[in-house]
Amino acid sequence: MSVKEMQKGLAYASQITSDRELRARELKASGTQIIGYFCCSVPLEFFTAVGIVPYRILGNIHEPISRADAYLETSMCAFVRSCLDLSLKGKYDLLDGMVGIHACDSIQRVYDVWNYCHRSDNYKYTHFIDMPHVVRPASIIFFKKQLGFFKKSLEVYTGKAISDADLVKAIQLHNENRKLLRRLYDLRKNDPPLLSGSEAVEVTLAGMSLPVQEYNKLLEEVIAEVVGRKPQWPTGGSRILVYGTLMDDTTLTELVESAGGHVVIDDSCTGSRTFWHDVQITADPLDGLAKHYLDDIPCPRTYRDFEGSHRDDIEARFRYLGELAKDFGVDGAILSIVRFCDLKECDAPDIRDYLQGKLGLPVLHLGDAYDSTASGQLKTRVQAFLEMTEMSRGSN
């Protein structure tokens, strides 16, 4: 009996998240190729179109970094260092290959170091996608060309041609996935939320090691289970938005929940950023994919031209956070940014000012060391913040 036949719904999602290799190794044993990738900007539709399972490369805050520092500076993003460290300890040996992307300088650098450390004979396939940092007509054309190179590389590797019809079918499958995830997140608008923040993290992480077809079925099971069960928490807890680099662990959400709050929405690259917008079906599928992955994902790694004042720019860039806060009834926000993630740290003061000044929300800015040993201090800060949020709610 395969692992997916032993558990269903939330229990299966939790099991897959706690042992990410579990289902992937089953699939690999049956002949399926497993390719690792960094960042939510890698278009997964190409993998699906050619029958490969994309496997998101993540770190582990509970695993001390002991080997990667021989190759990367300690002042580099702790998440990226953790990913390389895990690979050096054999945690990504199941991969048949790896795809990197110029999401940021750290991820670009680790792609080179990763290939150096593992040598080409360990991987049957590697590819790097050169992604522009600006959104202009010429950038979209350039990125479309890069996606064409990526498509061609997969065709050469697998010996299978990827037709436009294959890509459209893959886009439809992933758009269905995005739609289901948005439905799942909508269940957190209730008071109390029907789905906890920790459960949401586990469900989103589970999908990062599954074929999209399996993940869509899992999401349908989870939604039916959550809608059909009794409320699990009391009403009235502070409703928190988490903005950050990524949420690949439930430590923060569990701390908020243990203090009586609810994480009801996130803006992170393992959460809502990956599915909040659909890929448009265009005559040439590469057009829709290039537009989506370069322009639709709100990340400070991408610069957009603007007119007017700095305040006008802030309003244009972070208006979506205001919409999320309103839709999910948010009472406060936590900025959880991995230490040495320069891109998000540079945006943090403007985001804090927007959330506090424009929306009137209490904000807690956490410098995430990507290290579970600091959880005691983190607990104290989160508890104090929720008390402040409760006081703010009481005064309004």
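Residues numbered from 1 in each chain as written. Predicted model: local features only at pLDDT ≥ 70, side-chain atom pairs only at ≥ 80, totals over all residues. Heavy atoms only, no water.

Participant: So what about the nonpolar core? Which residues, and what values?
Facilitator: The biggest cluster of nonpolar side chains holds 85 residues, and the ones touching the most others in it are Phe38, Phe79, Val99, Trp114, Leu289 and Ile334. It is helix α5 (residues 78–88) that provides the largest number of residues to this core, a total of 7 residues. Of all hydrophobic cores here, the second largest spans 43 residues; its members include Ile265, Phe275, Phe318 and Val330. (Core = buried A, V, L, I, M, F, W, Y, C linked by side-chain atoms within 4.5 Å. Buried < 20%, exposed > 50% of the residue type's maximum accessible area, 1.4 Å probe, protein only. Helix = DSSP H or I, 4+ residues; strand = E, 2+ residues; numbered from the N terminus.)

Participant: Could you give an account of the sheet that holds strand β2 (residues 53–56), with specific residues and numbers?
Facilitator: In space, the 4 strands of this open sheet follow the order β2-β1-β3-β4, with parallel pairing throughout. Edge positions in the sheet fall to β2 and β4 (125–129), since each has one partner strand and no second. Neighbouring strand axes in the sheet, compared pairwise and without regard to direction, differ in orientation by 25° on average. Summarising the sheet, strand β1 (residues 34–37) and strand β3 (residues 97–101) pair through 3 bridges and their orientation is parallel. From the neighbouring strand, Ile35 faces β3, where its bridge partner is Gly97. Strands in contact with helix α7 (residues 137–158) are β1, β3 and β4; relative to β4, the strand with the most contacts, it is inclined by about 175°. (Pairing = 2+ DSSP bridges. Axes fitted to C-alpha atoms, helices over the stretch in contact; angles between N-to-C directions. Contact = heavy atoms within 4.5 Å.)

Participant: An account of the packing of α7 against helix α12 (residues 285–296) is needed here, citing residue identities and associated values.
Facilitator: For the pair α7 and α12, the least separation of the axes is 9 Å and the interaxial angle reads 115°. For the element pair α7 / α12, the angle class is roughly perpendicular. For the pair α7 and α12, the crossing hand works out as right-handed. Of the residues in α12, those touching α7 at Ser139, Ile140, Phe143, Lys144, Leu147 and Gly148 are Leu286, Asp287, Leu289, Ala290, Lys291, Tyr293 and Leu294. (Parallel < 35°, antiparallel > 145°, perpendicular 65-115°, else oblique. Left-handed = near helix turned anticlockwise from the far one by under 90°.)

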